[in-house]
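# Overview (structure and organization)
Below, each chain spelled out in residue letters.
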Amino acid sequence: MPARPDFGWTPDWTRFEECPGWYHTMDSVIQAGSCTRTNQIDFDDEAVFAARQKLFDIARGKDRRPFRLVVSMSHPHDPYVIPDSYWNRYRTARSICRASRIASSTRTRIRAGCATSSG
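Residues numbered from 1 in each chain as written. Predicted model: local features only at pLDDT ≥ 70, side-chain atom pairs only at ≥ 80, totals over all residues. Heavy atoms only, no water.

## Observations concerning the overall build of the chain
A count of helical and extended segments in the chain gives 4 helices and 2 strands. When the helices and strands of the chain are read in sequence order from the N terminus, they spell out α-β-α-β-α-α. Going through the 119 residues of the chain one by one, you find that 16% of them count as buried. Contacts in the chain between residues at least 24 apart in sequence constitute 70% of all its contacts with a sequence separation of at least 6. For the chain, the exposed area adds up to about 9800 Å²; of that, 58% sits on carbon and sulfur atoms. (Helix = DSSP H or I, 4+ residues; strand = E, 2+ residues; numbered from the N terminus. Buried < 20%, exposed > 50% of the residue type's maximum accessible area, 1.4 Å probe, protein only. Contact = heavy atoms within 4.5 Å. Areas by Shrake-Rupley, 256 points an atom, 1.4 Å probe, with all protein chains shown as cover.)

Take a look at the structure:
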């Protein structure tokens, strides 16, 4: 899903208590894992396919002028999930588990600190 052209997804950090609970918490990191597909993966795959096709078209064409091709991807982006083939490469990385426990134990303190400093 493309980003909205307005600030509809941007919380007002001066009124922290009104910010959506899902916005900028560590939950997307703590709950990271594997998946089969997501709409972000589908979007990125389509963007790469279209960019490669454009490069092939330019290479086959007669126009030799310089060009710039910009390809926007949505990953890395929450939710932080990837296909099993990539996730399993890091199954022995104990640091991920330690970071998750640390983030989980400090999440409440961070939220409380942000809420009290918004005055």
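## Regarding the environment of Arg64
In this fold, Arg64 is placed in the loop between helix H2 (39-60) and strand E2 (81-83). Residue contacts for Arg64: discarding those within four places in its chain leaves Ile58 and Ala59. There is a polar contact of 3.1 Å between the side chain of Arg64 and the backbone oxygen of Gly61. (Polar contact = N/O pair within 3.5 Å; in protein donor to acceptor, adjacent residues only side chain to side chain.)

## Points about the environment of His75
For His75, the location among the structural elements is in the loop between H2 and E2. Residue classification places His75 among the partly exposed residues on the basis of a relative accessible area of 23%. Sequence separation between His75 and Asp44 is 31 residues, and the spatial gap between their C-alpha atoms is 7.3 Å. With residues near it in sequence (within four places) discarded, His75 still touches Thr38, Gln40, Ile41, Asp44 and Val81.

## A word on H2
Under the 1.5 Å per step criterion, the end-to-end length of H2 is 32 Å for 22 residues, consistent within 8% with the ideal 32 Å. Every buried residue of H2 is listed here: Gln40, Ile41, Asp44, Ala47 and Ala51. Angularly, the buried residues of H2 cover 125° about the axis, an arc narrow enough to put them on a single face. Opposite the buried face of H2, by more than 90 degrees, sit the exposed residues Glu46, Phe49 and Arg60. (Expected span 1.5 Å × (residues − 1). Arc of directions from axis to C-beta.)

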